[in-house]
Amino acid sequence: MPTPLLTRRQLTLLGLSAAALPAWAQEWTPSQPINILVGFAPGGSADQIARQLAFAAKTIIPVPVVVNNRVGAAGAIAAQATAEAKPDGYTLFVGGGSETSSVGHFRPLAYDPRKSFTPVIKVSRAPSILAVRADSRFANMKALLDEARQAPEKVSYGSTGEGGIFHATALVLEKQAGLKLLHVPYRGAADSMTALLGGQVDSAFGAYEEMKAMIDTGRVRPLALFSRTRLPSLPEVPTMLELGVPVALDNMKGLMAPAGLPDSVRRYLHDSFRKAMQTAEWKEWVTKSGLTQDYADGPAFQKEIVEAYDLIGKAIAK
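Rules behind the numbers
- Residues numbered from 1 in each chain as written.
- Predicted model: local features only at pLDDT ≥ 70, side-chain atom pairs only at ≥ 80, totals over all residues.
- Heavy atoms only, no water.
- Helix = DSSP H or I, 4+ residues; strand = E, 2+ residues; numbered from the N terminus.
- Rg over C-alpha atoms; globule rule 2.2 N^0.38 Å.
- Buried < 20%, exposed > 50% of the residue type's maximum accessible area, 1.4 Å probe, protein only.
- Areas by Shrake-Rupley, 256 points an atom, 1.4 Å probe, with all protein chains shown as cover.
- Lys, Arg positive; Asp, Glu negative; His and termini not counted.
- Charge placed at Lys NZ, Arg CZ, Asp CG, Glu CD.
- Salt bridge = Lys/Arg side-chain N within 4 Å of Asp/Glu carboxyl O.
- Contact = heavy atoms within 4.5 Å.
- 1 Å grid on protein atoms, 1.4 Å probe; cavity = no way out; pocket = protein on both sides within 12 Å on 5 of 7 lines; lining within 4 Å.
- Points joined across faces, edges and corners; volume = space filled by probe spheres on them.
- Pairing = 2+ DSSP bridges.
- Core = buried A, V, L, I, M, F, W, Y, C linked by side-chain atoms within 4.5 Å.
- Axes fitted to C-alpha atoms, helices over the stretch in contact; angles between N-to-C directions.
- Parallel < 35°, antiparallel > 145°, perpendicular 65-115°, else oblique.
- Left-handed = near helix turned anticlockwise from the far one by under 90°.
- Nonpolar A, V, L, I, M, F, W, Y, C, P; charged D, E, K, R; others polar.

Within the protein, the secondary structure is distributed over 11 helices and 10 strands. Relative to its length of 318 residues, the protein is compact, with a C-alpha radius of gyration of 22 Å against a globular reference of 20 Å. Along the first, second and third principal axes, the C-alpha set of the protein runs to 80 × 40 × 35 Å. The 318 residues of the protein split such that 54% are buried. Surface exposure of the protein reaches about 14,100 Å², of which carbon and sulfur atoms provide 55%. Of the charged side chains in the protein, 34 are positive and 29 negative; the average position of the first set lies 2 Å away from that of the second.

In structure tokens, the structure reads:
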């Protein structure tokens, strides 16, 4: 029969400290609040995801999970704060989108989007949508493209910030479609959509879950999806690929920690938030919000982040 493993107490009696235990024998549980940083204003998809995950994890994680908004620089402020934090499991941020895939192609960063973090878990993937007000002069995407080609920088669009994933999507659209739009950056999705409804911009890029309520109530009208396939919840909205313009970029969202996070801590956080994604509270919110859930563990999430970063870099450089 196999020899039973020694308990921690037995090892201590033999003169071995807990620090000498192998990685597989060590466990970690949090003893102070866990902070999730969000790089965008309250009300946007990143903020909603963070708050719903925190709410769903309330009976799983024995300490408070606190959401803090560190708004600015297309999410880079929250990302940098996380990169500079101790890798102890108490500082996470909602990443995988602008701050790790696109903003580094527009300005120098104090962190490396591909190396400064330990991805913990991916929770969603959202296609970019270009939407207009219900009373817009643009009946469809072709009408918007035609006017933008004829009058450079006349057609305006709002985004979640300079260098953000939606700004990057618009730049790729400009190059692939041969046109020039007028970019108006905002601090987050809520501000961008407010500007659209107020007539300050002609159109706005955003994620479906950020626009769902306004689409459902008929206040805004989606013109096109910047993804490879149509959304089941918006079956009538074509993709740009269908319209003959090769642009398909998804906005990923997940939890990320500083680089150097111990594997035992990563496993605990991954398993806890994975359980949160299986709660009735989370599933109910996913259904109501229109979130496209897309789970991946840390290593798989890391691979997708690097691929997205490289893809946007190559597309913008063309």
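Overall, the coordinates contain 22 salt bridges when judged by the stated rule. Residue Lys-58 pairs with Glu-281 through a salt bridge whose shortest N-O separation is 3.6 Å. Of this pair, Lys-58 sits in the loop between helix 2 (45-56) and strand 2 (65-69) while Glu-281 sits in helix 10 (residues 280-289), and the two are 223 residues apart along the sequence. Each member of the salt-bridge network shares a partner with another, and the members are Lys-122, Arg-125, Asp-250, Asp-294 and Glu-304.

To continue, consider the environment of Gly-97. Topologically, Gly-97 is positioned in the loop between strand 3 (91-95) and helix 4 (98-101). A relative accessible area of 0% places Gly-97 in the buried class. Residues within four places of Gly-97 in sequence aside, it is in contact with Ser-102, Asn-251, Met-252 and Lys-253.

Within the fold, Ser-116 resides in the loop between helix 4 and strand 4 (117-133). Judged by its relative accessible area of 17%, Ser-116 falls in the buried class. Ignoring anything within four residues of it in the chain, the contact list for Ser-116 reads Ala-83, Tyr-111, Ala-257, Pro-258 and Ala-259.

What follows concerns the layout of surface pockets. As a volume, the largest pocket reaches approximately 250 Å³. Every residue lining the largest pocket is listed: Arg-125, Ile-165, Arg-228, Ala-248, Leu-249, Asp-250, Met-252, Glu-304, Glu-307, Ala-308, Leu-311 and Ile-312. Of all the secondary structure elements, the ones that give two or more residues to the lining of the largest pocket are strand 9 (250-258) and helix 11 (298-317). The biggest single contributor to the lining of the largest pocket is helix 11, with 5 residues.

The buried count for strand 3 comes to 5 of 5 residues, which makes it a mostly enclosed element. Alternating residues of strand 3 divide into Thr-91, Phe-93 and Gly-95 and Leu-92 and Val-94, and every residue in both groups is buried. One ladder, built from 3 bridges, connects strand 1 (residues 34-38) with strand 3; its direction is parallel. Counted as the bridge partner of Asn-35 is Thr-91 from strand 3. Looking at chain direction, strand 3 and strand 9 are connected through 3 bridges and run antiparallel. Bridge pairing in strand 9 links Val-94 to Leu-255.

The buried count for helix 8 (residues 208-216) comes to 7 of 9 residues, which makes it a mostly enclosed element. Tyr-208, Glu-209, Glu-210, Met-211, Lys-212, Met-214 and Ile-215 are the residues of helix 8 that are buried. Immediately beyond the C-terminal end of helix 8, within one or two residues, lies Gly-218, with a positive phi of roughly 80 degrees.

Moving on to the environment of Phe-205. Within the secondary structure layout, Phe-205 lies in strand 7 (residues 203-207). Separated by 93 residues in sequence, Phe-205 and Asp-112 place their C-alpha atoms 26 Å apart. When sequence neighbours within four positions are dropped, the list of residues in contact with Phe-205 reads Ile-129, Leu-130, Tyr-157, Gly-158, Phe-166, Thr-169, Ala-170, Leu-173, Ser-192, Met-211 and Phe-226.

Attention shifts here to the nonpolar core. Core analysis: the biggest nonpolar cluster contains 35 residues, and Leu-92, Leu-255, Leu-269, Phe-273 and Trp-282 have the highest contact counts within it. Elements represented by at least two residues in this core include exactly strand 1, helix 2, strand 2, strand 3, strand 4, strand 9, helix 9 (263-276) and helix 10. Membership of the second largest hydrophobic core comes to 31 residues, among which are Leu-144, Leu-145, Ile-165 and Ala-177.

Glancing now at the packing of helix 2 against helix 10. At their nearest, the axes of helix 2 and helix 10 sit 8 Å apart, and the two run at 155 degrees to each other. Our classification of the angle between helix 2 and helix 10 gives roughly antiparallel. By crossing handedness, the relation of helix 2 to helix 10 is classed as right-handed. Facing helix 2, whose interface residues are Gln-48, Ile-49, Gln-52, Leu-53, Phe-55 and Ala-56, helix 10 presents Glu-281, Trp-282 and Trp-285. In terms of residue class, the contact of helix 2 with helix 10 is made up of 6 nonpolar, 2 polar and 1 charged.

Looking now at empty space enclosed by the protein. Counted according to the given criterion, the structure contains 1 cavity of 30 Å³ or more. In this structure, the largest cavity is lined by Phe-40, Gly-44, Ser-45, Ala-46, Ser-98, Thr-160, Ile-165, Phe-166, Ala-189, Glu-210, Asn-251 and Lys-253. Of all the elements in the fold, those that place two or more residues in the lining of the largest cavity are helix 2, helix 6 (165-177) and strand 9. The class makeup of the residues in the lining of the largest cavity is 5 nonpolar, 5 polar and 2 charged.

Geometric descriptors of this kind do not, in isolation, establish any biological role.
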